[in-house]
Amino acid sequence: MLNPAIGKLIYECENRYSLVNEIAKEARVIADKAIENEEIILEKPVSLAINKVAEKRGLL
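The structure presented is a predicted model; accordingly, all values stated were derived computationally and were not measured.

(A) Representation of the environment of Ile 23 within the structure. Inspection of the secondary structure assignment puts Ile 23 in helix H2 (residues 16-36). Between the alpha carbons of Ile 23 and Pro 45 there is a distance of 9.5 Å; along the sequence they are 22 residues apart. Non-local contacts of Ile 23, meaning those with residues more than four positions away in its chain, are made with Val 46, Ala 49, Ile 50 and Val 53.

Structure (structure tokens):
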């Protein structure tokens, strides 16, 4: 199970599509920054993006 629970994120969002879209955009930004700075990310960008979106919404 992902932390935070996806159910909480979906509840806070108007629909699933917009949630997936927001997380995908955030994951792309994270991945692009890592490539630009030549960093190695140990966690998947999508996992990092989910946590970042949850922080923005006050769920963490």
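After presenting the structure, the write-up continues.
(B) Structural context of the pattern of salt bridges. Scanning the model with the defined rule gives four salt bridges in all. Residue Glu 22 is joined to Arg 57 by a salt bridge in which the shortest nitrogen-to-oxygen separation is 2.5 Å. Of the two residues, Glu 22 sits in helix H2 while Arg 57 sits in the segment after helix H3 (45-56), which places them 35 residues apart along the sequence. Assessed through its relative accessible area of 24%, Arg 57 is described here as partly exposed. Ionic pairing is found between Arg 28 and Asp 32, a salt bridge with its closest N-O pair at 3.5 Å. Placement of both Arg 28 and Asp 32 in helix H2 is noted, with a separation of four residues, approximately one turn of the helix. For Asp 32, a relative accessible area of 38% puts it in the partly exposed group. When salt bridges with common partners are traced through the structure, they connect Glu 26, Lys 52 and Lys 56 into a single cluster.

(C) Focus on the side chain of Glu 26. Take Glu 26: it is sitting in helix H2. Other than its neighbours up to four places away in sequence, Glu 26 contacts Ala 49, Lys 52 and Lys 56.

Rules used in this analysis
- One numbering rule holds for all chains: residues counted from 1, following each sequence as written.
- Side-chain atom pairs in this predicted model are given and counted only at pLDDT of 80 or more, local residue features only at pLDDT of at least 70, and totals for whole chains, interfaces and linings cover all residues.
- By convention in this description, side-chain values take in all heavy atoms of the structure and omit both hydrogens and water.
- Secondary structure is summarised from DSSP: a helix means a run of H or I of at least four residues, a strand means a run of E of at least two, and numbering begins at the N terminus for each.
- A contact between two residues is defined here by any heavy atoms of the two lying within 4.5 Å.
- Here a salt bridge means any side-chain nitrogen of Lys or Arg lying within 4 Å of a carboxyl oxygen belonging to Asp or Glu.
- Here the term buried applies to any residue with accessible area under 20% of the maximum for its type, exposed to any over 50%, and partly exposed to those in between, with areas from a 1.4 Å probe on protein chains only.

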